[in-house]
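# Observations on the model geometry
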Amino acid sequence: MDNHILESKSVNVYYDDMHALKNISMKVEANSVTALIGPSGCGKSTFLRVFNRMNDYIEAFRMDGEVLMEGKNIYHKKMQVDELRKSIGMVFQKPNPFPKSIFENVAYGLKIQGIKDKEFIQNRVEKSLQQAALWDEVKSDLNKSALALSGGQQQRLCIARALAVEPRVLLMDEPTSALDPISTAKVEELINELKQNYTIVIVTHNMQQASRLSDYTAFFYMGDLIEFGKTEEIFRNPKVERTQNYITGRFG
Amino acid sequence: MTNSRKNRLKDKGFEYLGVACSLFGLVVLAIFIGDILADGLSRIDWDFLKSLPSRKPEKAGIFTAWTGSLWILVFTTIIAFPLAVSAGIYLEEYGGNGRWSSLLEVNISNLAGVPSIIYGLLGLEIFVRIFKMGNSVLAGAFALALLILPIIIVATREAIRTVPPSIRAASYALGATKWQTIWNQVLPASMGGIFTGVILAISRAVGETAPLIIVGALAYVPFAPSSPMDEFTVMPIQIFNWVSRPQHGFTVNAAAAIIILLLITFVMNGIAVYLRNKWQKKINW
Ligand SMILES: Nc1ncnc2c1ncn2[C@@H]1O[C@H](COP(=O)(O)OP(=O)(O)O)[C@@H](O)[C@H]1O
Ligand SMILES: [Mg+2]
């Protein structure tokens, strides 16, 4: 894999004295889905947030090592974090729409970039909602409060909101864990569509989801990256016993 | 008697005590309001609201008093709102946990407990004398603004704190800066709480007398203020002035003015409750 867009080089993360990620080196292939799996507390979310620097807000957080996006160190002093986040979007575990209208939610990313062109915003909102497979359900009432949507719709709205700024990478932290099976299926279908044009890194607790959706899988255990490779290989014949045990559900 | 029976009795006993205590407050308030209504209600008409002060009780009205109160309230709000909300935002979002901000915090809580007459003295020295505002609406408004600053600051901080971190995270993750996040997400979501605090603060200010007397509000002004630099009186001072007159007619006037003042306070508290409920319903995290 030489077409990688993200790379972590010997990344160590500490929360105060707790060593949360230990010397992680890993490359993320462009236009593919990479799944991060592992038991609770192993550092998956932390690692995901390393890529868009959302850990920066955690007081106890410390990090060393390098994280590159297309060869540029995103932890460099001169890196503009807000610029970085325009190319690396994020979808959270619990749907977190703004307490505003559906339209305003999707348009927000454009608005804060200073874009004023109404028609442009209108088109982009529609396109993003279509990409997120939500357009047909909400097109007649874009001015309705986003909080009135169902959980599954809210999560697709959050995906649309992230897509509206046209990022290159989409980070998703257990995006379906708060959803019912039908909504989960919709979001999974969506992820499959999106990988044509986006690079997706997804944290998941669900082994079937990881194997169904992802091209690459990384297995974390207590802050270590135990195994990383093509999803087929990880799931068919893992090299490490612990991976095998986790995937087959012998511990979790 | 078994233990659980004893406990149940105690439980009942405490319940009745609680009801009695609550009733006490209500009954006293009801007696007070009833008495005032009996004395003053029949005195209220348009003329009473429109008339200037007079030496004859049946001709005297509260025009200068309620317009004075209104002027004071408007200017107090204009001064206090931006200051207090900015201070609240600073303390909550930028202050951090350092020594400087905890010093500020302690001082603000202390300010909330300072007797209002002290604000009057401060206002007299700073605004009336140093800034040469004289016994004007503006000087009074500044003194009252100081008085209600801590109330609005605390309300602002509490309102900001109820905005869930997930909303900030969503905003940051889209590339918003800190200020964009505060301005576009945090503030709109906290406006209900902030307005509630502002209204409660102003309904406190409308009843304040001591600081305004010291700043130089007059018991008698012949005309309603027409600019912030004019002399003024306010409702509570007018009431106090009438109560201290010997003629019965003025006591009736005072009762009527109290009804109007109570009405203003109730309406403002009602608005505060309404805003709070409306916002809570709209934002159900
Ligand atoms: N904000 C934080 N402050 C301190 N410790 C944290 C924080 N977030 C996560 N941790 C700790 O870091 C470890 C990894 O957490 P996390 O990345 O959330 O794991 P996962 O997503 O795999 O469940 C856990 O032990 C967790 O307790
Ligand atoms: Mg997690």
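Below is a short write-up of the structure. (Residues numbered from 1 in each chain as written. Chains lettered and ligands numbered in written order. Predicted model: local features only at pLDDT ≥ 70, side-chain atom pairs only at ≥ 80, totals over all residues. Heavy atoms only, no water.)

## Describing the nonpolar core
Formally: Each nonpolar core is a collection of buried residues, namely Ala, Val, Leu, Ile, Met, Phe, Trp, Tyr and Cys, held together in the definition by side-chain atoms within 4.5 Å. Each residue is placed in one exposure class: buried if its accessible area under a 1.4 Å probe, protein chains only, is under 20% of its type's maximum, exposed if it is over 50%, and partly exposed if it falls in between. The helix count covers DSSP runs of H or I at least four residues long, the strand count covers runs of E at least two residues long, and both are numbered beginning at the N terminus. By definition in these notes, contact holds between two residues if any of their heavy atoms fall within 4.5 Å.
In terms of nonpolar packing, the biggest core is built from 77 residues, with Ile 62, Ile 152, Leu 212 and Trp 242 of chain B touching the most fellow members. Looking at which element gives the most residues to this core, the answer is helix α6 (residues 137-161) of chain B, with 14 residues. If near-sequence neighbours (up to four positions away) are discounted, Ile 152 of chain B is found in contact with Ala 80, Ala 84, Val 85, Gly 197, Val 198 and Ala 201 of chain B. Among the nonpolar cores identified, the runner-up in size contains 43 residues, and Val 106, Ala 146, Leu 190 and Tyr 198 of chain A belong to it.

## A closer look at the site of ligand 1
All names here are of chain A. Definition in use: We call a residue near a given molecule or strand whenever any one of its heavy atoms falls within 4 Å of it. What qualifies as a polar contact is a pair of N or O atoms within 3.5 Å, subject to a donor-acceptor requirement within protein and to the restriction that residues adjacent in sequence count only when both atoms come from side chains. Residues were grouped as follows: Ala, Val, Leu, Ile, Met, Phe, Trp, Tyr, Cys and Pro as nonpolar; Asp, Glu, Lys and Arg as charged; and all remaining residues, including Gly, as polar.
By nearness alone, 13 residues border ligand 1, and Gly 41, Gly 43, Lys 44, Ser 45 and Thr 46 come closest of all. In the environment of ligand 1, an oxygen atom lies 2.7 Å from a nitrogen or oxygen atom belonging to the backbone of Gly 41. Within the side chain of Thr 46, an N or O atom sits 2.5 Å from an oxygen atom of ligand 1. Of all the elements in the fold, those that place two or more residues in the shell around ligand 1 are β2 (18-29) and α1 (44-52). At four residues, the largest contribution of residues to the shell around ligand 1 is made by α1. Its residues assigned to classes, the shell around ligand 1 shows six nonpolar, five polar and two charged.

## Describing the sheet that holds strand β4 (residues 61-69) of chain A
As a general point, the strands of a sheet are linked pairwise by backbone hydrogen bonds and lie either parallel or antiparallel. Residues and elements named next belong to chain A. This is how the line gets drawn: Strand pairing requires that DSSP identify at least two bridges connecting the strands.
Strand order in the open sheet formed by four strands is β2-β1-β4-β5, with antiparallel pairing between adjacent strands. Edge strands, defined here as strands with exactly one partner in the open sheet, are β2 and β5 (72-73). In terms of strand pairing, strand β1 (residues 4-15) meets β4 through eight bridges, oriented antiparallel. In the sheet register, Leu 6 faces β4, and the bridge partner there is Met 69.

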